[in-house]
Each structure stands twice: as C-alpha cells, then as structure tokens.
Amino acid sequence: MQDGCGRTIDYLRLSVTDRCNYRCQYCMPPEGVEKRLHSDILSIEELAEIAEAAVACGVKKIRLTGGEPLVRRGLLDLCRMLRAIPGVEELCLTTNGSLLPQLARPLRDAGVDRLNISLDTLRPDRFAAMTRLGSLQDVLDGIEAAEAAGFHDLKFDTVLIGGFNDDEIGDFVNLSRNHPWEIRFIELMPMGPCASWDKGCFLPGETVLERVPELVPIEAQGVARRYKLPGAAGTVGLISPVSHDFCADCRRIRVTADGKLKGCLHSREEVPLRGLHGQALEAAVRRGILHKPERHHLTERSSDTPRNMNQIGG
C-alpha cells in the first residue's frame, strides 16, 4: 500500500512495552516511566491481530521494539504468532542486549531473523553512567550468546553524542574490521529528555567520516548510508534523520504499546487501533498509512511528539 505521498509502506515497528531495565539519559527520566496497568497495554493477542491487519495492508517486515522488548512477558509466544502470519518476510527485534544470554537461542527458535543491539559506548564507566542501571559486560555476554544462537549478521545502533562518545568513533568502526557486523551511527534527535541538551551534543553523521576518512562508500540499505573499511569483514552505517532528512524514502509505520498507530516518529498524529477487529481494524491501519506525514521538522524545532522514545518504540 502507498501513502498519500506515493511511498510504499511495508515496514511495521511494533512496540510491545514501554518499560525498560535501563534508564538511558536521552530516552527516559532518571526515575523511569510511570508504571501503567497491564490492561493499558496491548495483549499478545492484540499485538498479533494488529500485525496481521498491517500485513493485509502490505507490510512485509516487522520489527519488535520497546522500551526493552525482552522484558515483555509472552514475547516468545508473540514471535511464533508473527512468524506464522502469511506474508511476513522478515521478523526483527531491537534490544539493549542485556537479556540475550538467556533469550538469544529461544528467540532464534521462535522465528526471529535478525537482531539490532543498542550500544552507545564501549567503556564500562560510561555505559553505567548513560544507562544508569546497566552493565556493559551483560551486553558483551549477550552478543556472544546471539552469535552462538545463529545471529551472525548483527547490527549495532550507536547514538552519536558530542562530548560523550564521539571520541570512541574509531573504536566502534574498528569492530567492523574482524566481525561481519554493521556498526550504525545514529544522530541524536531533539526529543524527550535530550530536547533541551546543549547543541554540542547533536553531531551530524559526517563526523564519522571526518574522524575515519579511510571509510569507502558502498551501496545504501534502507535509511542507512553505508561504508566499509578496506578489507573489513563488516560495514559502517550512518543514519542521519536530522542532517540528511530521509523522509522521502521512509516506508515504516509504528504502533505503540498502548495501541496507537503513528505514521511518523515525530508527529503528534495518532490513530487508535485498540478495540478494533477485522475490516474495521484494517481500515484504521489503511487510514494511518494514507495520512502519514510528508516529513518531520527537526531542522526547525524539536520533535512534535509529546511522547518519550520508550513510549513510541525506538
């Protein structure tokens, strides 16, 4: 299905929870999120029903997000249900990696094709400071468990933050030398807790190319401009939602854990899906696709959404 701007929409980011076992400074307040009743959040069956309606509208790729999706009870059952939907060509999941030692193999067995692991620093002290609750070693153990389970094409999502991790750009890029991984640098977006941060925190993706000039451009993939070190096993990706607006090529919709369809991460517009079934649910999904905003306005102002990232799905 195409939206009102002629973009083919075939990618659903489905948030299964707004909770997380971390409190990353740019994503969540230090006290965490206000705990909601279980009844406020979509059930596993509702999530699967919405996904099926989205597939009926042309979605082929589903990514499970959070919060941290691995803290959601019933996640493995949901993965099996999604994998069983005819037309789902790719089932992915984005995680902070801390629970992968226990769950990497069950996720693979449940039909997950690919993992993205969020990793903003390779230094234990910085990791603890940024996440407020996390341990870098847990994530490193999770990476090892993921590869042992058969997730060989790992992608790492690194939010580029001036004054925090920009001195680690070379270290991250070097991870691609000997591993078939994609190290993806994502520009920090002015939304939620970081909207009021100093401008020096917001670096363009080109900073990576300036620091590592030996990177050679290769074919793009999705919203990522991709590069490679000569002879490296892996690749480097730049995702630049601020400095290189890729809205014209956006092919995704999002559904929040409380059942709202968002055509754009940064828009206030939401289409309620909860309580709808059958043709009514499919019609609401189609309406959300047709009304997908043409673009965001991050170069002019902070994000328009009143939600934090954990409430939308990263």
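Positions within a chain are numbered from 1, following the residues in the order the chain's sequence is written. Restriction of local features to residues with pLDDT of at least 70 applies here, the model being predicted, together with a cutoff of 80 or more for giving and counting side-chain atom pairs; totals for whole chains, interfaces and linings are based on all residues. Excluding hydrogens and water, the side-chain figures rest on all heavy atoms present in the structure.

### Section: the packing of aromatic side chains
We count it as follows: Each pair of aromatic rings taken from Phe, Tyr and Trp, with Trp reduced to its six-membered ring, is defined by centres within 6.5 Å and is described as stacked if the planes are under 30 degrees apart, edge-to-face if over 60, and tilted in the remaining cases. Only DSSP runs of H or I reaching four residues or more are called helices, and only runs of E reaching two or more are called strands; each is numbered from the N terminus. Relative accessible area decides the class of each residue, using a 1.4 Å probe on protein chains only: under 20% of the type maximum gives buried, over 50% gives exposed, and in between gives partly exposed. Lysine NZ or arginine CZ positioned within 6 Å of the ring centre and within 35 degrees of the ring normal marks a charge as sitting over the ring.
The full count for this structure, using the stated rule, is three aromatic pairs. Ring geometry for Phe-156 and Trp-181: centres 4.8 Å apart, planes at 55 degrees, overall tilted. Taken together, the positions of Phe-156 in strand S5 (residues 155-160) and Trp-181 in the loop between helix H6 (169-178) and strand S6 (182-187) put the pair 25 residues apart, joining distant regions of the chain. Of the residues examined, Phe-156 reaches a relative accessible area of 2% and is grouped as buried. For the ring pair Phe-172 and Phe-185, a centre distance of 6.2 Å and an interplane angle of 85 degrees mean the geometry is edge-to-face. Here the residue Phe-172 occupies a position in helix H6, and Phe-185 occupies one in strand S6, the gap between them amounting to 13 residues. For the pair shown, Phe-172 and Phe-185 are each scored as buried. The aromatic ring of Tyr-11 is capped on one face by Lys-61, whose charged end is 4.4 Å from the ring centroid. Between Arg-108 and the ring centre of Phe-151, over which it is positioned, the NZ or CZ distance is 4.8 Å.

### Remarks on the pairing of S5
How we decide: When DSSP finds at least two bridges between two strands, those strands are taken to pair.
Most of S5 sits out of view: six of its six residues are buried. Going residue by residue along S5, you find Lys-155, Asp-157 and Val-159 tucked away on one face and Phe-156, Thr-158 and Leu-160 tucked away on the opposite face as well. Sheet topology note: the strand S4 (residues 114-118)/S5 ladder contains three bridges and is parallel. In the strand pairing of S5, Asn-116 is matched with Lys-155. Looking at chain direction, S5 and S6 are connected through six bridges and run parallel.

### A word on empty space enclosed by the protein
The condition is simple: A pocket, in this scheme, is an open set of points on a 1 Å grid over the protein atoms alone with protein on both sides within 12 Å along at least 5 of 7 lines, while a cavity is a set where a 1.4 Å probe fits but cannot get out; residues line either one if an atom lies within 4 Å of a point. Grid points are joined across faces, edges and corners, and a volume is the space filled by probe spheres set on the points. Lys, Arg, Asp and Glu make up the charged group, whereas Ala, Val, Leu, Ile, Met, Phe, Trp, Tyr, Cys and Pro make up the nonpolar group; the residues left over, Gly among them, are polar.
Going through the model one piece at a time under the given rule, you end up with two cavities of 30 Å³ or more. When its volume is computed, the largest cavity comes out at roughly 60 Å³. What lines the largest cavity is simply Leu-42, Glu-46, Glu-49, Ile-50, Leu-273, Arg-274, Gly-275, Leu-276, His-277 and Leu-281. By residue class, the composition of the lining of the largest cavity is five nonpolar, two polar and three charged.

### Some words on the sheet that holds strand S1 (residues 11-15)
If you walk across this open sheet you meet the twelve strands as S7-S8-S9-S6-S5-S4-S3-S2-S1-S10-S11-S12, and the pairing is mixed. In this open sheet, the two edge strands, each paired with only one partner strand, are strand S7 (216-217) and strand S12 (271-272). Both strand S2 (residues 61-65) and strand S3 (residues 90-95) contribute to a ladder of four bridges, which runs parallel. From the neighbouring strand, Ile-62 faces S3, where its bridge partner is Leu-91.

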